[in-house]
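An overview of the molecular structure
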Protein chains: 2
Amino acid sequence: MLQVMTPDEVLSLIDGQFHPLNIQERVSLYDAVGRVLAEDVCAGEYVPDFDRSTVDGYAVRASDTFGCSDAIPAILPVSAEVLMGQAADFTLSPFECCAVPTGGAVPGGADACVMIEYTEDYGDGTVGILKPAAPGQNMIFRGDDVYPGKPVLSAGRLLSSQDVGALAAMGITEVSVSKRLSVGVISTGDELVPPEDKPSAGQVRDVNAPMLCAMLKAYGAEVRSFGIVRDDERLLGEVVRRAAEGCDLVLISGGSSVGVKDASCRIIESMGTLLLHGIAMKPGKPTIMGKTGSGKPLVGLPGHPVAAYFVTKLFVLPLLARLEGRIAERYTVTARLTESVGANHGRAQYGCVRLERRADGLWAHPIRSKSGLITSLAGADGFFCIDRDCEGLPGGAAVEITVCSGD
Amino acid sequence: MLQVMTPDEVLSLIDGQFHPLNIQERVSLYDAVGRVLAEDVCAGEYVPDFDRSTVDGYAVRASDTFGCSDAIPAILPVSAEVLMGQAADFTLSPFECCAVPTGGAVPGGADACVMIEYTEDYGDGTVGILKPAAPGQNMIFRGDDVYPGKPVLSAGRLLSSQDVGALAAMGITEVSVSKRLSVGVISTGDELVPPEDKPSAGQVRDVNAPMLCAMLKAYGAEVRSFGIVRDDERLLGEVVRRAAEGCDLVLISGGSSVGVKDASCRIIESMGTLLLHGIAMKPGKPTIMGKTGSGKPLVGLPGHPVAAYFVTKLFVLPLLARLEGRIAERYTVTARLTESVGANHGRAQYGCVRLERRADGLWAHPIRSKSGLITSLAGADGFFCIDRDCEGLPGGAAVEITVCSGD
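Reference entry: report on the structure contained in this document. Sequence order sets the numbering: in each chain, residues are counted from 1 along the sequence as written. For this description, chains carry letters from A and ligands carry numbers from 1, given in the order in which they are written. In keeping with the model being predicted, local features are shown solely for residues with a pLDDT of at least 70 and side-chain atom pairs are shown and tallied solely at 80 or more, while totals for entire chains, interfaces and linings include all residues. Computation of side-chain values covers all heavy atoms of the structure but excludes hydrogens and water.

**Considering the overall build of chain A**
So the rule is basically this: The helix count covers DSSP runs of H or I at least four residues long, the strand count covers runs of E at least two residues long, and both are numbered beginning at the N terminus. As defined in this context, the radius of gyration uses C-alpha atoms, and a globule is described by 2.2 Å times the residue total to the power 0.38. Only protein chains enter the calculation, and the probe is 1.4 Å; a residue is then buried if its accessible area is under 20% of its type maximum, exposed if over 50%, and partly exposed in between. Whether two residues are in contact is decided by their heavy atoms: any pair within 4.5 Å suffices. Here, Shrake-Rupley sampling with a 1.4 Å probe gives the accessible areas, and only protein chains in the shown set may cover a residue.
Tallying secondary structure elements over chain A gives six helices and 28 strands in all. Since a compact globule built from 407 residues should have a radius of gyration of about 22 Å, the 31 Å found for chain A marks it as more spread out than a globular shape. Counting only C-alpha atoms, chain A reaches 95 × 50 × 40 Å along its principal axes. Counting only residues that meet the buried cut, chain A has 55% of its 407 residues in that class. The long-range share in chain A, meaning contacts at least 24 apart out of those at least 6 apart in sequence, stands at 73%. On chain A, roughly 16,200 Å² of surface is accessible, and the fraction owed to carbon and sulfur atoms is 49%.

Printed below as a string of structure tokens:
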């Protein structure tokens, strides 16, 4: 008989039992944001590929300007003008200067640019430089940004828009990313009707399927819905097997009553190995996890929507990240509790909050609810955890909030 | 002549000059995550619609169990069994009990449920209750979750997956959301070539267009790309006008040299009103903003990719939020600087960081770069701001980081 595990033990179990699938595909730069990079990316060329001015003004040899001032300008003939987008395929002679725009190419020989504001145009083909320039001033040199072989992005990164910019700068218009994972979602329970239907007495709408679909979609996975299966072990087994054939991970939602939970355990055992039977958390205890003979993960989620929500956030999404090799840290924000929260059951306790910004910082209003009251989560901005050893937190206590608005 | 504005002044300008478009569309529950709710949502019915047990066990009248114990159980005949998904359309008589599963309907008359673990089945149609139940124990009552008219979600909310769950619970399978905004992106500059092309001497790849497309896509807007327009005021004016006809907002990226910036200003003035000419920030100063005669926003972004990135994050996305009525708070995480960062130019200074979790908390490594070095942003986890009045921050100083990985 498997023991109930702590949340940390479950995360270790996931790391130990499951491994990256390493299924890649090539996507265009324009489709790359939000995808998981499947290869290390190094620069293949110099960026920029030529010395550039960062100001509108004149390229000079810095030494030609040493000692100049408003009173005694360095007077230099303008030997050329580089236009935007044009090469500067000549060398600046000593005691000459060359007009350049912001971003324009700086000719060989020049090692600094002087802002137009610090020059005077005498109208006779010469300008006066009113302020000495230091070597390198107002310039970006060839390869300052990157040079061939410089590591830029690491495999496992969730690509952000600035990463896309960097890829564009290097001329990398296609990258290898992890294939989107496909997740099968099965709801079980004789009491469930689809959200579209009006429940009869004793029935409730299936909340978990649409919620899980939204979570998985927001995460970046593809969802295959297998509908609502009634509490029939043979039938449920068939659907789980079918889902496991076509998907990378199967979620069996509901069936939290003892009999159905046992049926889900037996189905998982018949397909491979049961790895987990209960998590020491509240809500979320009646969670099971296993894998098929070929190593494909199967997860039985609690039927209570709030419990299913936390188990999915805390374990199913990290399991997906493990499978696709995604390295993603979830950061928390610190807030103070507006009121005390009790806890005394020896299990890690998760609760949702609404956040409020006040003059003295961020405050978290705990949302009180009985397990299963999904609308209590509606409008939540984030959640926090009270450790199993903690008997509760007083009002004003600082807590770490995982923000979940919009995902 | 317009004065340079501080970042806060620009945000006030946006609020004052632009207003929600109020263009809505109906979407299915299954497409609602990540969309902006355009209506207040109230419950239309009771959830749950019947009294439910939260445990596997027996429904009782609590008063019939008062005073019972392991030693002296309350012995009650089992008058009925409610199955999952079935109605409990009878009333429990005094001194009787009724078997119910977790989530099952509780008959009238009963006001508590006793977990099966605290009962003993005598096998003769009676059970012993070993522990007294308080009224309401282990039950969710009709309407505990929501009742008709209860406000659940407010207009402007970015719908999260738990919101989707709440909508499903209430049988709301379609909602009104703000239509996705359409943003036109125009790149200008004779030096620009598409990322696919190899730049000749003096040319660089257009980094801003793909980066802006990624940012806008991650935000939830639709992007229309108008390609690269060379530095020609008449031509640029034509493209800006065309973009303004078909899009909700137009971004003109680049043209940071004096002449082109002036051309953008003249184009905006010819189409309506120039509202902003320069922001007191670094990088990002050469930003302009205006609106057409019909009130459509036009933004001229700096050509430097890093500057364009910050201006888009800090002002363009809030402008989009204003147009679609999105209420979205960006939370920050607190981290300590691994090294000192200087600043002394009287402008708000933005810089990117890599975050590292250490035993003693979160640390931020400042990424040092010259303006325009986009690959310096690659791999960044977030950014922070040094106020204009601050001359720099020492190593170890706590800073507020806006996390930007994955978006």
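**Quick word on the interface of chain B and chain A**
Keep this limit in mind: By definition, the buried area sums, over both parts, the 1.4 Å-probe accessible area that each loses when the two are put together. We define a salt bridge as a contact between a side-chain nitrogen of Lys or Arg and a carboxyl oxygen of Asp or Glu at a distance within 4 Å. Whenever two N or O atoms come within 3.5 Å, that pair is a polar contact, provided that in protein one can donate a hydrogen and the other can accept it, and provided that, for residues adjacent in sequence, both atoms are side-chain atoms.
At the junction of the two partners, chain B supplies 85 residues and chain A supplies 85 residues. Together, the buried faces of chain B and chain A total about 6,900 Å²; carbon and sulfur atoms form 60% of this surface. Our enumeration of links across chain B and chain A arrives at 10 salt bridges. Note that E45(A) and R205(B) form a salt bridge whose closest N and O atoms lie 2.7 Å from each other. Inspection of the region where chain B meets chain A yields 24 residue pairs in polar contact (both at pLDDT 80 or more).

**Comments concerning unusual backbone geometry**
Here the amide bond leading from K282(A) into P283(A) is cis, since omega sits at -5°, within 30 degrees of zero. Mapped onto the elements of the fold, P283(A) is located in the loop between β19 (281-282) and β20 (288-292). At the junction of V47(B) and P48(B), the peptide bond is cis and its omega measures out at -10° in the coordinates. Within the secondary structure, P48(B) is located in the loop between β2 (41-42) and β3 (52-53). Notably, N22(A) is not glycine yet its phi reads approximately 55°, a positive angle.

**Section: the pairing of strand β17 (residues 249-254) of chain B**
All names here are of chain B. Stated precisely, the cut-off is as follows: For two strands to pair, DSSP has to find at least two bridges joining them.
Within β17, six of the six residues are buried, which leaves the element mostly enclosed by the surrounding structure. Pairing of strand β13 (residues 182-188) with β17 involves six bridges; the strand directions are parallel. Bridge pairing links I186 to I252 in β17. Two strands pair when backbone bridges link them, and β17 and strand β21 (residues 297-301) are joined in this way by four bridges, in the parallel orientation. Residue pairing in the sheet places I252 in a bridge with G300 of β21.

**What about the packing of helix α3 (residues 208-219) of chain A against helix α2 (residues 161-169) of chain B?**
Stated formally: For helices, the axis comes from a line fit to the C-alpha atoms of the stretch in contact; other axes are also lines fit to C-alpha atoms, and the angle between any two N-to-C directions lies between 0 and 180 degrees. Roughly parallel here means an angle under 35 degrees, roughly antiparallel means over 145, roughly perpendicular means 65 to 115, and every remaining angle is called oblique. Throughout, a crossing is termed right-handed when the near helix is turned clockwise from the far one, and left-handed when it is turned anticlockwise from it by less than a right angle.
Direction vectors running N to C along α3(A) and α2(B) enclose 160°, while the axes themselves pass 8 Å from each other. The angle between α3(A) and α2(B) places the two elements in the roughly antiparallel class. The hand of the α3(A)/α2(B) crossing is right-handed. Contacts between α3(A) and α2(B) involve P210(A), M211(A), A214(A) and M215(A) on the former and, on the latter, S161(B), Q162(B), V164(B), G165(B) and A168(B).

**Details of the packing of aromatic side chains**
All names here are of chain B. Spelled out, the test is: Stacked, tilted and edge-to-face are the three classes assigned to paired rings of Phe, Tyr and Trp, where Trp is represented by its six-membered ring and a pair needs centres within 6.5 Å; plane angles under 30 degrees give stacked, over 60 edge-to-face, the rest tilted.
Evaluation of the coordinates by the stated rule reveals six aromatic pairs over all chains. Summarising the aromatic geometry, the rings of F310 and Y350 are spaced 5.7 Å apart at their centres and angled 35° between planes, so their arrangement reads as tilted. Taken together, the positions of F310 in helix α6 (residues 305-324) and Y350 in strand β24 (residues 348-358) put the pair 40 residues apart, joining distant regions of the chain. As far as the burial class goes, F310 and Y350 line up, both buried. Ring geometry for F310 and F383: centres 5.2 Å apart, planes at 85°, overall edge-to-face.

**Brief notes about the relation of the copies chain B and chain A**
Quick note on the threshold: To line up the copies, we fit them by least squares on C-alpha atoms, keeping just the residues with pLDDT of at least 70 in both.
Take chain B, turn it by 180°, move it 0.1 Å along the axis, and it overlays chain A with an RMSD of 0.1 Å. These values place the two chain copies in the arrangement generated by a two-fold rotation axis. In terms of proximity to the rotation axis, the leading residue of chain B is V333(B), whose C-alpha is 2.5 Å off the axis.

**A closer look at the pattern of salt bridges**
All names here are of chain A. This model, assessed by the stated rule, comprises 36 salt bridges over all chains. Between R157 and D163 there is a salt bridge whose closest N-O contact spans 2.6 Å. On the accessibility criterion, R157 (13% relative accessible area) is buried. For E356, the salt bridge is made with R358, and the minimal N-O distance between the two is 3.2 Å.

**A look at a negative patch on the surface**
Rules: Like-charged residues are merged into a patch within 9 Å and nonpolar side chains (Val, Leu, Ile, Met, Phe, Trp, Tyr) within 5 Å, provided each residue has over 30% relative accessible area and no salt bridge. In this charge count, Lys and Arg are treated as positive and Asp and Glu as negative; neither His nor the chain ends contribute. A charge is said to be at NZ when it belongs to Lys, at CZ for Arg, at CG for Asp and at CD for Glu.
On the surface, D8(A), E9(A), D387(A) and D389(A) cluster together into a patch of negative charge. Note on placement: D8(A) falls in helix α1 (residues 7-17).

**Notes on the sheet that holds strand β9 (residues 126-129) of chain A**
Residues and elements named next belong to chain A. Read from one edge of the open sheet, six strands run β7-β4-β6-β5-β9-β8, paired in mixed fashion. With partners counted over all chains shown, the strands left at the sheet margins are β7 (112-115) and β8 (119-121), one partner each. Adjacent strand axes in the sheet meet at a mean angle of 40° when their direction is disregarded. Alignment of strand β5 (residues 74-81) against strand β6 (residues 97-100), held across three bridges, turns out to be parallel. Pairing of E81 across the sheet is with A99, part of β6.

**Considerations on the state of the cysteines**
All names here are of chain A. The criterion, for reference: Any two cysteine sulfur atoms within 2.5 Å of one another count as a disulfide.
The final tally for this structure, using the stated rule, is zero disulfides over all chains. Of all cysteine sulfurs in the structure, the one in C352 sits closest to C404, which takes part in no disulfide; the separation is 5.5 Å. With relative accessibility at 0%, the residue C404 sits in the buried group.

**Some words on the environment of R205(B)**
Tracing the backbone shows R205(B) in strand β15 (residues 204-205). The class for R205(B) is buried, based on a relative accessible area of 8%. When the C-alpha atoms of R205(B) and E191(B) are compared, they prove to be 8.1 Å apart, with 14 residues separating the residues in sequence. Every residue in contact with R205(B), bar those within four places of it in the chain, is listed here: E45(A), A168(A), A169(A), M170(A), G171(A), L192(B), V193(B), P194(B), P195(B), D197(B), K198(B) and P199(B). Among the polar contacts listed, one links the side chain of R205(B) to the backbone oxygen of P195(B), at a separation of 3.2 Å.

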